[in-house]
Amino acid sequence: MTPLRCRKPETFTGSNKREAAEETDELGGVSGSAVREDGQEEKSERVQSSNRRSAAGVVQHLVRGLFGLLAAMACGTLYAVFLSAHHDRKFWFSARQELERELSFQGGSGLYYHFYKQMLAAPSFAEGFYQLLVDNGTVSGQTINSVERFFLYPELILSFIYRVSGGQDYVEPVYFYLGAVLGLQAFCVTALFVCSWMMSGTWVAGVLTVSWYLVNRQDVSKVVQAVPLRDNWAVPYFSCQVAALTGFLITNMSSAAEMFCSLTMSISTFTFLLLWEHAHYVLFVQGLCLLLMDSLDLVPQKKTDHVQKIYLSSLVLVYLFHFQNSCLLSSPLLSLLIGFMLARYFQRRMKMGPFVARLLKLLLHLHLVFTCGITFSYSMKKLLPAAGSHLLLKVLEVKFGLKATSDFVTNFLLCHDELQTPGQDLFLRLTQTSLLPFYILVLSICLLSTLQTVYRRLSGQPISSRLRLEDGRIGERPAVVYHVFHSLAFGFLTLVFDGMKYLWTPHVCVLTAFGVCSPELWMTVFKWLRLKSVHPVVLKLLERTSYRTWLGNPLGFTRRSWLRRLGRGKSGPLNATAPVTRLRIRGWKMDGQITDLHSLILSTAVPTIICFSLWREFYPRVLSELVDLQEFCEPDLVELINWIRSRAPAAAVFAGSPQLLGTIKLCSGSVVTSLPIFTDVDLLRRTEDTYQVYAMRSAEDVYKRLTAQKTSYVIIEESICNEVWTQNGCRVKDLLDISNRHVIHSNGEMFSLSKHGRFCQEIKMDYSPYTNYFTRVFWNRSYHVYKVNSVLSFQF
């Protein structure tokens, strides 16, 4: 009797197919070869389906990337348009004559535009370049290399482009220059956008970065105050360098993308060093951050070595382009690179051993790095003495209270706004725009997670090559760790020097926007809190708000995908209490309950709320700044410049304050005794001699100092001579009195030790001996011009 057998279903999965084939062979219904053919067909269908899904993923990734790039370029372009309109409204730029346009370059920054005009006025580019290399018409009694001394490569490059492109046929030189600077600001904003986008994976973070950058523009850039300044040319390239470094540090980047980031970083590092005399100090701080990351084993060693090679090659090239500038050989960046390489040579097994041993090796490593670096720097300064480095050390010693000095130049530099300690208004403005509170939140979470990572590394745990969202370890990402160290380093410098805020605040916008838009940050917090449940109201908020993700969301969620992942059917209600035991989102596996979606909710809802609040609060203010016309009028200065152009001899030499001399050089081209370049010790000493007209000096003493500089006319400014008392003691008169030891302070009172009155006040009395040495030739409410007599006539 034949036994009865139950036939299994026709649809099989996995390993059951072989069993089904054996049973059908016994029954004689289906041959084994037919089953194998069906299996092959199913396998080919699965491969085709997988290929279609991968192709769809590639297309989706390309679309998101395209929209992100368009958004980045749109944000940069709109910011440049806003700056152009704001600049035109502030100075009435389009309605002014050429002289008044040039006067809008405030703070002596117009000096750089003068060299741009000089290059365009030359018969050829080569001849104009040679005139700058052998320049005897700028500083009286000196023949200087203006390209090396004033870092004039932006003007050289721009004048060359203007000539080659035929720009003189369709745009004025001043608009071409202004457009180039504002275009670089657009490039800076785009770089910050891309940097935040790469870190978070969503260009929503880039939009939020640009929004914060715009509403805090007073503290992120000096382009509104003075357009031609060197940092306005250089800082955009530093932002690009940081963005490229961020992409280079990301662990899961493809080789092609990593190579592109490396090339971009090389070009931007070289350009940054080429355009700004302070660039190597900025890169020194960045190098310290990378040194700390490498010492703590937070970044692969090969990447650190590659960045150091970029630093070294860029320094060598800039050294050649700047005509063997000795300051670069004694720069702290080069000393750090030398010290790091020597310390690594002596310590080959620093990252091995137990916790205590590795900690001691770390301390020894840092000691070797700084000892070797300081020794190299000291040796280079002895072989190639650079006066500027000695002055910098002296300024830092006085700034940090290590010593006191009566030197005029040192105290004069410390009285500049950029070297002053920032006031509370800076942090108040950042708080009002909601940037500072969220920054403190994001920085605290990332820093604590980084400290956990440091402990794991010192305990011997290796670097994890693949991190998942549910791991909650945002501090193990090298790019995040770098931005934490970068923000802390420049933040500390900002607390000491107000001028450092222009390097700190833009990257605060990047780090904060990345944090609030990153699911990993919120997941890290939930892991710390051990959160295991979710309230139904939160899920309802998720259904109504969070599924409306932006096109830049790296998760690519839609309404249907959200509801499907939450367990809701086509028509059934949302099950708010049912746990999801396994959830797969674009390759991320989240085991556990639906609570893991908290991070995704917050990373979408929080930036959306912030953007809406910024738009509601600050959008009307931004528009009002474009509508309101501001008054900019300096009739006394215009009158002075017109007199110099019409009445003063072409070979006349003018003495005055550095900012005024920079404006005179721009508008008249006359030779001057000093310039507003506060990194040149020789020019600062000449400024000190010129400023003696505001001290309690005799007419003969002032006359000797001015004739030593071949001065023809000296300009006395009422704003300096009659400056009211300031609490910080930074009046020029006070600094001169202290330097000349003409006053002493005792029991809160000041006593004069000079037998002469203040020169700028006594000379207005028009009596001997002042009339013997000086003759007044022009005056108005703000300026008094005196001719320095070449033939003395004594009157009694």
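Calculation notes
Residues numbered from 1 in each chain as written. Predicted model: local features only at pLDDT ≥ 70, side-chain atom pairs only at ≥ 80, totals over all residues. Heavy atoms only, no water. Helix = DSSP H or I, 4+ residues; strand = E, 2+ residues; numbered from the N terminus. Buried < 20%, exposed > 50% of the residue type's maximum accessible area, 1.4 Å probe, protein only. Contact = heavy atoms within 4.5 Å. Areas by Shrake-Rupley, 256 points an atom, 1.4 Å probe, with all protein chains shown as cover. Core = buried A, V, L, I, M, F, W, Y, C linked by side-chain atoms within 4.5 Å. Disulfide = S-S within 2.5 Å. Phe/Tyr/Trp six-rings, centres within 6.5 Å; stacked < 30°, edge-to-face > 60°. Lys NZ or Arg CZ within 6 Å of the ring centre and 35° of its normal. pLDDT = per-residue confidence, 0-100. Patch = residues over 30% accessible without salt bridge, like charges linked within 9 Å, V, L, I, M, F, W, Y side chains within 5 Å. Salt bridge = Lys/Arg side-chain N within 4 Å of Asp/Glu carboxyl O. Axes fitted to C-alpha atoms, helices over the stretch in contact; angles between N-to-C directions. Parallel < 35°, antiparallel > 145°, perpendicular 65-115°, else oblique. Left-handed = near helix turned anticlockwise from the far one by under 90°. Nonpolar A, V, L, I, M, F, W, Y, C, P; charged D, E, K, R; others polar. Pairing = 2+ DSSP bridges. Expected span 1.5 Å × (residues − 1).

With that out of the way, let us pick up the overall build of the protein. When helices and strands are tallied, the protein shows 34 helices and nine strands. For the protein, with 796 residues in total, the buried portion stands at 50%. Long-range contacts, defined as pairs at least 24 residues apart, comprise 71% of the intrachain contacts of the protein with a sequence gap of at least 6. Surface accessibility of the protein: about 38400 Å² in total, with carbon and sulfur atoms responsible for 60%.

Further remarks concern the nonpolar core. Ranked by internal contacts, the top residues of the largest apolar core, which has 155 residues, are Phe150, Leu208, Trp212, Leu640 and Phe654. The element contributing the most residues to this core is helix α8 (residues 173-200), with 14 residues. If we ignore the near neighbours within four places in the chain, the residues touching Trp212 are Thr433, Ser434, Leu435, Phe438, Cys509, Thr512, Ala513, Ile610 and Leu614. Core analysis: the second largest hydrophobic core is formed by 36 residues, Val395, Val702, Tyr703 and Val732 among them.

Right, let's get into the state of the cysteines. Evaluated as defined, the whole model comprises two disulfides. A disulfide bridge connects Cys415 with Cys730, and the sulfur atoms are separated by 2.1 Å. Handedness of the Cys415-Cys730 disulfide follows from its S-S torsion of about -80°: it is left-handed. One end of the pair, Cys415, is in the loop between α18 (408-414) and α19 (424-432); the other, Cys730, is in the loop between α31 (718-721) and α32 (732-740), and 315 residues separate them in sequence. Across the disulfide from Cys721 sits Cys760; the S-S distance is 2.1 Å.

Note on aromatic pairs: each is described by the distance of the centres and the angle between the planes. Within this structure, the stated rule accounts for 38 aromatic pairs. Their ring planes at 70° and their centres at 5.5 Å tell us that Phe270 and Phe321 sit as a pair that is edge-to-face. A residue pair is termed long-range when its members are at least 10 positions apart, and Phe270 in helix α11 (residues 255-275) and Phe321 in helix α13 (residues 301-321) qualify at 51 residues. Here the aromatic residues Tyr703, Phe759, Tyr767, Tyr770, Tyr773 and Phe774 are joined through ring pairs into a cluster of three or more. The positively charged end of Arg230 is found above the aromatic ring belonging to Tyr112, 3.9 Å away from the centroid.

Our next topic: the side chain of Gln185. With respect to the secondary-structure elements, Gln185 resides in helix α8. When sequence neighbours within four positions are dropped, the list of residues in contact with Gln185 reads Tyr79, Leu83, Ser221, Val223, Asn232 and Pro236.

Counting all residues, the mean pLDDT for the protein is 82, and 80% of those residues have values of 70 or more. Here residues 538-595 is modelled with pLDDT under 50, and outside its nearest four sequence neighbours on either side it reaches 99 contacts, counting other chains as well.

On to a nonpolar patch on the surface. Taken together, the side chains of Leu312, Val316, Leu317, Leu320, Phe321 and Met341 present a nonpolar region at the surface, about 500 Å² in accessible area. When residues of the nonpolar patch are assigned to their parent elements, the largest contribution, five residues, is made by α13. Within the secondary structure, Leu312 is located in helix α13. Residue Leu312 is classed as partly exposed on the basis of its relative accessible area of 31%.

On to the side chain of Ser159, then. In this structure, Ser159 sits in helix α7 (residues 153-164). If near-sequence neighbours (up to four positions away) are discounted, Ser159 is found in contact with Tyr116, Met119, Leu120 and Phe125.

This part is about the packing of α8 against helix α22 (residues 501-517). Direction vectors running N to C along α8 and α22 enclose 30°, while the axes themselves pass 9 Å from each other. Judged on the interaxial angle alone, α22 and α8 are roughly parallel. Crossing hand, α8 versus α22: right-handed. For the pair formed by α8 and α22, the contact residues are Leu192, Cys195, Ser196, Met199 and Ser200 on the first element and Pro506, His507, Val510, Ala513 and Phe514 on the second. Looking at the contact of α8 with α22 residue by residue, the classes come out as seven nonpolar, three polar and no charged.

All chains considered together, the criterion is met by 30 salt bridges. The partner of Asp682 in a salt bridge is Arg149, with the nearest N and O atoms 3.3 Å apart. Here Asp682 is found in helix α29 (residues 681-690), whereas its partner Arg149 is found in helix α6 (residues 146-150), with 533 residues between them in sequence. The partly exposed category is assigned to Asp682, whose relative accessible area is 33%. Salt bridges sharing partners connect three or more residues here, namely Asp219, Asp425, Arg429, Asp498 and Lys501.

Another aspect to go through is the sheet that holds strand β4 (residues 671-672). Ordered in space as β4-β3-β5-β9-β8, the five strands form an open sheet in which the pairing is mixed. For this open sheet the edge positions go to β4 and β8 (774-779), each flanked by a neighbour on one side alone. Note: strand β5 (residues 713-717) against strand β9 (residues 783-788), five bridges, orientation antiparallel. Paired with Ile715 across the strands is Val785, a residue of β9. Running over the sheet, helix α28 (residues 658-668) touches β3 (653-655), β4, β5 and β9 and is turned about 125° from β5.

Here the residue pair Ser768 and Pro769 is connected by a cis peptide bond, since its omega of 10° sits within 30 degrees of zero. Within the fold, Pro769 resides in the loop between α33 (759-762) and α34 (770-773). One non-glycine residue, Ser434, lies in positive phi territory at about 70°. Inspection of the secondary structure puts Ser434 in the loop between α19 and α20 (435-458). Residue classification places Ser434 among the buried residues on the basis of a relative accessible area of 19%.

A few words on the environment of Phe270. Through-space distance from the C-alpha of Phe270 to that of Val318 is 6.9 Å; in sequence the pair is 48 residues apart. Once you skip the residues sitting within four places of it in the chain, Phe270 turns out to touch Ser314, Leu317, Val318 and Phe321.

This part is about the environment of Gly110. Tracing the backbone through its elements, the reader meets Gly110 in helix α4 (residues 110-121). What makes Gly110 buried here is its relative accessible area of 3%. Sequence separation between Gly110 and Leu666 is 556 residues, and the spatial gap between their C-alpha atoms is 5.9 Å. Those residues in contact with Gly110, other than ones at most four positions away along the chain, are Phe105 and Leu666.

What follows covers α11. With 21 residues, α11 ought to run about 30 Å at 1.5 Å a step, and its terminal C-alpha atoms sit 30 Å apart, in line with that. Those residues of α11 hidden inside the fold are in contact with α7, α10 (230-249), α12 (279-295) and α13.

This next bit is on the packing of α12 against helix α16 (residues 355-383). With their axes 11 Å apart at the nearest point, α12 and α16 run at an angle of 150° to one another. In terms of axis orientation, α12 runs roughly antiparallel to α16. In this structure, α12 crosses over α16, and the sense of that crossing is right-handed. Between α12 and α16, the residues in contact are Leu288, Leu291 and Ser295 and Leu362, His365, Leu366, Val369 and Phe370, respectively. Across the contact of α12 with α16, the residue classes tally to six nonpolar, two polar and no charged.

Let us look at the pairing of β8. With five bridges joining them, β8 and β9 adopt antiparallel strand pairing. Bridged to Arg776 within β9 is Tyr786.

What follows is about the environment of Gln324. Within the secondary structure layout, Gln324 lies in the loop between α13 and α14 (326-329). Assessed through its relative accessible area of 46%, Gln324 is described here as partly exposed.

Attention now moves to the pairing of β5. Here β5 lies mainly inside the structure; five of its five residues are buried. Bridge analysis of β3 against β5 gives two bridges, and the strand direction is parallel. Residue pairing in the sheet places Phe654 in a bridge with Tyr713 of β5.

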